[in-house]
Amino acid sequence: MQNELDDLLTVLRFPSVSTDKTHDNDVRACADWLARKLQSLKLNVQIHETPGHPVVVARNEHRADRRTVLIYGHYDVQPPDPLGEWKSPPFEPAIRDGRIFCRGATDNKGQFMAHLRGIEQTLAEDGDLPVNLIFLIEGEEEIGSPHLRPFLEKHRDALRCDVVAISDTGMVARGVGTFTYGIRGIACMEVKVKGPSIDLHSGIFGGAVANPATMAARLAATLHDDQGRVAVAGFYDDVLPIQDWEREAWNALGDSTPETLQLTGAPALFGEPGFHERERRWARPTAEINGIGGGYQGPGSKTVIPREAMMKLSFRLVPAQNPDSILDLAEAHLRRHTPPGVTLEITRGHTGPSYVMDPHSPAGKAAQRALKQTFGGHVALIREGGSIPIVQAFKEVLGVDTLLLGLALPDSQLHAPNENFVIQCYHDGVRLNRALLKELAG
Ligand code: BES
Ligand code: ZN
């Protein structure tokens, strides 16, 4: 007999790293496998080419008297590095302590495969689904979904639906059904700090020219004030305040500070004054340096003034900040604060707006009923700090809300070594899919 987890383990073995060209064939092979799997369920499947990685779309036969639900997921994953920190190879799923360890186990293969399995079970038992289904799995989420919005625009009619559902967020704790009604947006930028035209001997020329690495550090330090507020002029202008009911709902979850300290291993928490750490992660914008460097990084010392240094920046955004306007403000800030003796080369990266919906809408309530049926107890209503760049486009292009019903746990180690998915969460996800489609049909 086929094992319940076999398909998931198969999908996990594809190293579908979207950001790394050397993995293009693996990304494609993963899409092909998914298409074949969905075809085996007698769904109507298409692999749509894009200028980047393909989009896989499967649908059942649609009937005018049924609601249409679009389930979205992504089959691409983040790079697995640093490789040395994995306890088992990143693309050989290993089961330990009731968890599957593999890059993509939670983000997002385990989560969308739970939906796929739920659909497979319902079709096997009932011969049909209670809704018109559009199952859309893309391969570029982890690089900002650059080709998906044009895809939605091009196929607007075929993708017309009543609501979108996604499992690609988290749960506040194991076994606690969690409805995420908002996520942050993102805007990325890369900065080169350029000095001399060649690397220089730091003895011969040191003291005469600006060192780009020093100046990159100086520039990086201008992004925040000493207390942790973002110091870019105008950065907070469009930020909508946290509502009283949200604060109440979040405070009812208890103080998250000890757990965040424990999960991060940081010696202390630090961030924008005046807000709880959870508020800072879920509902306040940030500026982060994701990478900074330049000059000699090898063993021993090398007396050099590097000709350039670099920083990779990203801003997490909240309603109603506009990603492009934030990049404008950031660029103006960096130009204004350019240290002496260097020039800047700024390249803008991907962007995705934040998203927030009314959790008490009819679809929101249906989703919460499905969570309650699946997990029992109280359903947590939260916002989260991560980004799913296409969600706001579902609203703008298709005119529909997105229900975020995540299955990640706080210690799933998304994007980090030893990413893992608790097998129980997979089984819960399968039941959640079945409850959700029934509730949305009703
Ligand atoms: N699944 C995550 C987003 C997420 C994680 C939302 C946890 C809420 C809670 C998604 O796959 C992701 O990592 N998105 C990237 C998007 C970026 C690369 C454009 C992110 O948030 O960094
Ligand atoms: Zn991710």
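S.K.: In this structure, what is going on with a nonpolar patch on the surface? I would like to understand it.
M.R.: Together, Ile204, Phe205 and Val209 make up a nonpolar patch on the protein surface, roughly 270 Å² of accessible area in all. Within the secondary structure, Phe205 is located in the loop between β10 (200–201) and α5 (212–220).

S.K.: Quick question: what am I supposed to make of the site of ligand 1 here?
M.R.: The local shell around ligand 1 holds 16 residues, among which Asp107, Asp168, Arg316, Ser387 and His415 are the closest. Here an oxygen atom of ligand 1 and a side-chain polar atom of His74 are 3.1 Å apart. Between Ser387 and ligand 1, the recorded distance is 2.8 Å, taken from a backbone N or O atom to a nitrogen atom. Here ligand 1, which alone exposes 520 Å², has 89% of that area covered by the protein. The class makeup of the residues in the shell around ligand 1 is 3 nonpolar, 7 polar and 6 charged.

S.K.: Explanation requested: unusual backbone geometry in the structure shown.
M.R.: It is generally the case that most residues other than glycine have a negative phi and that most peptide bonds are trans. Going from Asp81 to Pro82, the amide bond is cis rather than trans, its omega being 5°. Counting through the fold element by element, Pro82 comes out in the loop between β3 (68–74) and β4 (94–96). With an omega of -5°, the peptide bond running from Pro319 to Ala320 counts as cis. Structurally, the position occupied by Ala320 is in the loop between β13 (308–317) and α9 (323–336). Its identity as a non-glycine residue notwithstanding, Asn418 has a phi of 65°, on the positive side. Relative to the helices and strands, Asn418 resides in the loop between β17 (402–404) and β18 (420–422).

S.K.: Sorry, what's going on with the pairing of strand β16 (residues 380–384) here?
M.R.: Taken residue by residue, a regular strand's side chains alternate between the two faces of the sheet. Most of β16 sits inside the fold, with 5 of its 5 residues counted as buried. The side-chain alternation of β16 yields two buried faces, one formed by Ala380, Ile382 and Glu384 and the other by Leu381 and Arg383. Judged from the 5 bridges that link them, strand β8 (residues 178–183) and β16 form a sheet pairing that is parallel. The residue of β16 that forms the bridge with Gly182 is Arg383.

S.K.: Any chance you could explain the coordination of the zinc ion (ligand 2) here in plain terms?
M.R.: Put simply, a metal with four donors set out as a tetrahedron has ideal angles of 109.5 degrees, and one with six donors set out as an octahedron has ideal angles of 90 or 180 degrees. Coordination of the zinc ion (ligand 2) by the protein involves Asp107 (OD), Glu142 (OE), Glu142 (OE) and His415 (NE2), with metal-donor separations of 1.9 to 2.7 Å. For the zinc ion (ligand 2), the 6 donor atoms are set out with angles of 52 to 157° between them, so the coordination reads as irregular. Between the donor residues of the zinc ion (ligand 2), the gaps in sequence give the motif D-x34-E-x272-H. Residue Asp107 is found in helix α3 (residues 105–126), and its partner Glu142 is found in the loop between β6 (132–138) and α4 (148–154); the two are separated by 35 residues along the sequence.

S.K.: Explain the packing of aromatic side chains here, please?
M.R.: What characterises a pair of aromatic rings is the spacing of the ring centres plus the angle enclosed by the ring planes. Enumeration according to the criterion identifies 5 aromatic pairs in this entry. Ring centres 5.2 Å apart and planes at 35° place the aromatic pair Tyr181 and Trp245 in the tilted group. Placement of Tyr181 in strand β8 and of Trp245 in helix α6 (residues 244–251) is noted, with a sequence separation of 64 residues between them. The class of Tyr181 is buried, set by a relative accessible area of 1%. Judged by centre distance (6.0 Å) and plane angle (50°), the rings of Phe235 and Phe315 are tilted. Taken together, the residues span a long stretch of sequence, with Phe235 in the loop between α5 and α6 and Phe315 in strand β13 at a distance of 80 residues. Pair check on accessibility: Phe235 and Phe315 agree, each one buried. Among the aromatic residues, those joined into a cluster by ring pairs are Phe235, Tyr236 and Phe315.

S.K.: Even after reading the chapter, I still don't get the packing of helix α10 (residues 362–375) against helix α12 (residues 423–441), so can you show me in this structure?
M.R.: Each pair of packed helices can be described by the angle between their axes along with the distance between the axes. For the pair α10 and α12, interaxial distance at closest approach is 8 Å and the crossing angle is 140°. Looking at the two axes, α10 sits oblique to α12. Note on packing geometry: the crossing formed by α10 with α12 is right-handed. Residue-level inspection shows Ala363, Ala366, Ala367, Arg369, Ala370, Leu371, Gln373, Thr374 and Phe375 of α10 in contact with α12, the latter providing Asp428, Arg431, Leu432, Ala435, Leu436, Glu439 and Leu440.

What counts and how
Just so you know, the residues in each chain are numbered from 1, in the order the chain's sequence is written. Chain letters and ligand numbers both follow the written order, the letters beginning at A and the numbers at 1. In view of the model being predicted, local features appear only for residues whose pLDDT reaches at least 70, and side-chain atom pairs are presented and counted only at 80 or more, with totals across whole chains, interfaces and linings using the full set of residues. The basis for every side-chain value is the complete set of non-hydrogen atoms in the structure, without hydrogens or water. Patch membership is restricted to residues that have no salt bridge and whose relative accessible area is over 30%. Joining uses 9 Å for like charges and 5 Å for the nonpolar side chains Val, Leu, Ile, Met, Phe, Trp and Tyr. Only the protein chains shown count as cover for residues, and all accessible areas are computed by the Shrake-Rupley method using a 1.4 Å probe. Put simply, a salt bridge is a Lys or Arg side-chain nitrogen that is within 4 Å of an Asp or Glu carboxyl oxygen. The numbering of helices and of strands both runs from the N terminus, where a helix is a DSSP run of H or I of at least 4 residues and a strand a run of E of at least 2. Residues are labelled near a given molecule or strand when at least one of their non-hydrogen atoms is within 4 Å of it. We define a polar contact as two N or O atoms separated by no more than 3.5 Å, with the added condition that, inside protein, one atom must be a possible hydrogen donor and the other a possible acceptor, whereas residues neighbouring each other in sequence contribute only through side-chain atom pairs. Residues are grouped as follows: nonpolar covers Ala, Val, Leu, Ile, Met, Phe, Trp, Tyr, Cys and Pro; charged covers Asp, Glu, Lys and Arg; every other residue, Gly included, is treated as polar. Three exposure classes are used, based on accessible area relative to the maximum for each residue type with a 1.4 Å probe and protein chains only: buried under 20%, partly exposed in between, and exposed over 50%. Here a strand pair is declared whenever DSSP counts at least two bridges between the two strands. Water is not among the atoms examined, so metal sites may look incomplete; donors are the N, O and S atoms within 2.8 Å of the metal, or within 3.2 Å for Na, K and Ca. Angular criteria define each label, namely tetrahedral for four donors with all angles between 85 and 135 degrees, square planar for four and octahedral for six donors with opposite donors over 155 degrees apart and remaining angles between 65 and 115, and irregular for whatever fails these tests. Only Phe, Tyr and Trp rings are paired, with Trp represented by its six-membered ring, and only when their centres lie within 6.5 Å; those with planes under 30 degrees apart are stacked, over 60 edge-to-face, the remainder tilted. For helices, the fitted line uses only the C-alpha atoms of the stretch in contact; every axis is such a line through C-alpha atoms, and the angle between N-to-C directions lies from 0 to 180 degrees. Angles below 35 degrees are treated as roughly parallel, those above 145 as roughly antiparallel, those between 65 and 115 as roughly perpendicular, and all remaining angles as oblique. The crossing is said to be left-handed when, going from far helix to near helix, the turn is anticlockwise and less than a right angle, and right-handed when the turn is clockwise. By definition, residues are in contact when any of their heavy atoms lie within 4.5 Å.

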